[in-house]
Amino acid sequence: MGDDTWDLKKMQVNYGGGNLCGESVPGITKIKYKEFVNEIKEVAITSQLTTHAVLGVVTTKRIATLRVTRAYRTVSAEAALFLAGTPQGDLLALERKRVKSKLDDPDRAYSKDEIRGAERDILLAARSNRWSRGVRGAWTRTILPDLIRWTKRCPKDLTFHVTQALTGHGCFRYYLHRMKRAPDAACLYCQHPEDTAEHTIFDCVHWDPLRLPVKMFVGNRNITPGDVQDLLCGPSDVPSSENDRL
């Protein structure tokens, strides 16, 4: 038991281990590494920063957001930034560059607050667009597709266990098997061949009693991945601003 617990702890961010590129993390392939390198180069071109500068910003922000969200260190930068509600460094730098340029304009027609508010909306739209086009953090993107709703109305605190459910990285046999911490990916309770986060949260009969209150809350039906964002952020037709609800 003690050895297994230590193995799990070693996969968390506070215990060091594999770097951002993930060469020493089991299950991370050379293909994924090449995808990561290409994405860094693309971001560098878009943000007009050097590749080294972008890599430094991404690395620092990823470590910080993994700690804030209490996520395993194998969680992608995209998913960690999304859950923490943190803008990507290059997009934030571009926003501040635009704000400074407009504030320095002697003929500007808008106040400082109006300029910053408009640029923050542009930043949010850019983050949403990047999230929808991303490839990593697939499970998080499946259950939380709307970045703008999450950013404006996300839960105030993410616990260690909630983050596992939202990322799929944690005490799920499918994940542990990928990380070479379990002999197989089968569910311990119902012997389903793949004990993923989706199976545990939505399908495994062992957890039916715990799902019952939520099932009754959504209208006495089975909950699905499509219900998660509404349950955590509220219905999509309810305005996020308190003033707009009046």
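Rules used in this analysis
- Residues numbered from 1 in each chain as written.
- Predicted model: local features only at pLDDT ≥ 70, side-chain atom pairs only at ≥ 80, totals over all residues.
- Heavy atoms only, no water.
- Core = buried A, V, L, I, M, F, W, Y, C linked by side-chain atoms within 4.5 Å.
- Buried < 20%, exposed > 50% of the residue type's maximum accessible area, 1.4 Å probe, protein only.
- Helix = DSSP H or I, 4+ residues; strand = E, 2+ residues; numbered from the N terminus.
- Contact = heavy atoms within 4.5 Å.
- Phe/Tyr/Trp six-rings, centres within 6.5 Å; stacked < 30°, edge-to-face > 60°.
- Lys NZ or Arg CZ within 6 Å of the ring centre and 35° of its normal.
- pLDDT = per-residue confidence, 0-100.
- Axes fitted to C-alpha atoms, helices over the stretch in contact; angles between N-to-C directions.
- Parallel < 35°, antiparallel > 145°, perpendicular 65-115°, else oblique.
- Left-handed = near helix turned anticlockwise from the far one by under 90°.
- Nonpolar A, V, L, I, M, F, W, Y, C, P; charged D, E, K, R; others polar.
- Expected span 1.5 Å × (residues − 1).
- Salt bridge = Lys/Arg side-chain N within 4 Å of Asp/Glu carboxyl O.

Hey, could you run me through the nonpolar core in this one?
Among soluble globular proteins, nonpolar side chains are generally buried collectively. One finds Val75, Phe82, Leu83, Leu144, Trp150 and Leu166 to be the most contacted residues of the largest nonpolar core, which totals 28 residues. Put simply, the parts of the chain that give this core at least two residues each are helix H4 (77-84), helix H6 (112-133), helix H7 (138-143), helix H8 (147-153), helix H10 (173-178), helix H11 (197-203) and helix H13 (228-233). A per-element tally of this core places H4 first, with 4 residues. When residues no more than four places from it in sequence are discounted, the contact partners of Leu144 are Phe82, Leu83, Trp131, Trp150, Leu166, Val228, Gln229 and Leu232.

Would you mind going over the side chain of Gln229 with me for this structure?
Along the chain, Gln229 turns up in helix H13. When neighbours within four sequence positions are excluded, Gln229 is seen to be in contact with Ile143, Leu144, Pro145, Asp146, Arg149, Trp150 and Gly234.

What should I look at first to understand the side chain of Gln164 in this one?
Here Gln164 is to be found in helix H9 (residues 160-167). The buried category is assigned to Gln164, whose relative accessible area is 4%.

Explanation requested: the environment of Cys154 in the structure shown.
Counting through the fold element by element, Cys154 comes out in the loop between H8 and H9. Considering only alpha carbons, one finds Cys154 and Gly85, 69 residues apart in sequence, at a separation of 8.2 Å.

Help me understand the packing of aromatic side chains, please; the structure alone is not making it clear to me.
Geometrically, a pair of aromatic rings is defined through the distance of the ring centres and the angle of the planes. Here the structure, examined in full by the defined rule, presents 6 aromatic pairs. With centroids separated by 5.8 Å and ring planes inclined at 25 degrees, the aromatic side chains of Tyr72 and Phe160 adopt a geometry described as stacked. Of this pair, Tyr72 sits in the loop between helix H3 (51-69) and H4 while Phe160 sits in helix H9, placing them 88 residues apart in sequence. The class for Phe160 is partly exposed, based on a relative accessible area of 26%. With a centroid separation of 5.9 Å and 70 degrees between ring planes, the pair formed by Tyr72 and Tyr175 is classed as edge-to-face. Taken as a pair, Tyr72 in the loop between H3 and H4 and Tyr175 in helix H10 lie far apart in primary sequence, 103 residues in all. Just as Tyr72 is buried, Tyr175 falls in that class too. By way of ring pairs, the aromatic residues Tyr72, Phe160 and Tyr175 are connected into one cluster. Its end group placed over the ring of Trp131, Arg141 keeps NZ or CZ at 4.3 Å from the ring centre.

What is the right way to read unusual backbone geometry from this model?
Trans is the prevailing form of peptide bonds, just as negative phi is the prevailing case for residues other than glycine. Even without glycine at this site, Arg70 takes up a positive phi of about 60 degrees. Mapped onto the secondary structure, Arg70 falls in the loop between H3 and H4. With a phi close to 55 degrees, Asn220 is a non-glycine residue in the positive phi region. Turning to its location among the elements, Asn220 is positioned in the loop between helix H12 (208-217) and H13.

Would you explain the confidence of the model for the protein chain in this entry?
One rule of thumb: low pLDDT means the predicted coordinates there are not for detailed reading. With 71% of its residues at a pLDDT of 70 or more, the protein chain has an overall mean of 79. Taken together, the stretch residues 1-33 has pLDDT below 50 and engages in 52 contacts with residues farther than four places along the chain or on a different chain.

Just checking my understanding: could you explain the packing of helix H5 (residues 89-103) against H6 for this structure?
The angle between the axes and the distance between the axes are what describe a pair of packed helices. For the pair H5 and H6, interaxial distance at closest approach is 10 Å and the crossing angle is 155 degrees. Classified by the interaxial angle, the pair formed by H5 and H6 is roughly antiparallel. As for the relative orientation of H5 and H6, their crossing is right-handed in sense. In contact with Asp90, Leu91, Leu92, Glu95, Arg98, Val99, Lys102 and Leu103 of H5, H6 contributes Lys112, Ile115, Arg116, Glu119, Arg120, Ile122, Leu123, Ala126, Arg127 and Arg130. A breakdown of the residues in the contact of H5 with H6 according to their chemical character gives 8 nonpolar, no polar and 10 charged.

I tried to follow H5 on my own but got confused; where do I start?
Every α-helix winds through 3.6 residues per turn, so residues three or four apart in the chain are directed the same way. With 15 residues, H5 extends 21 Å between its outermost C-alpha atoms, agreeing within 8% with the 21 Å of an ideal straight helix rising 1.5 Å per residue. Those residues of H5 that sit buried are Gly89, Asp90, Leu91, Leu92, Leu94, Glu95 and Val99.

For this particular structure, what's the right way to read the pattern of salt bridges?
Following the criterion strictly, the structure yields 9 salt bridges and no others. For Arg136, the salt bridge identified is with Glu78, shortest N-O distance 3.2 Å. Here Arg136, found in the loop between H6 and H7, pairs with Glu78, found in helix H4; they are 58 residues apart in sequence, far enough to count as distant. Both residues of the pair, Arg136 and Glu78, count as buried. Glu119 is the partner of Arg98 in a salt bridge, and the nearest nitrogen-oxygen pair spans 2.5 Å. Placement of the pair is Arg98 in helix H5 and Glu119 in helix H6, with a sequence separation of 21 residues. Residues participating in the shared-partner salt-bridge network are Arg98, Lys102 and Glu119.

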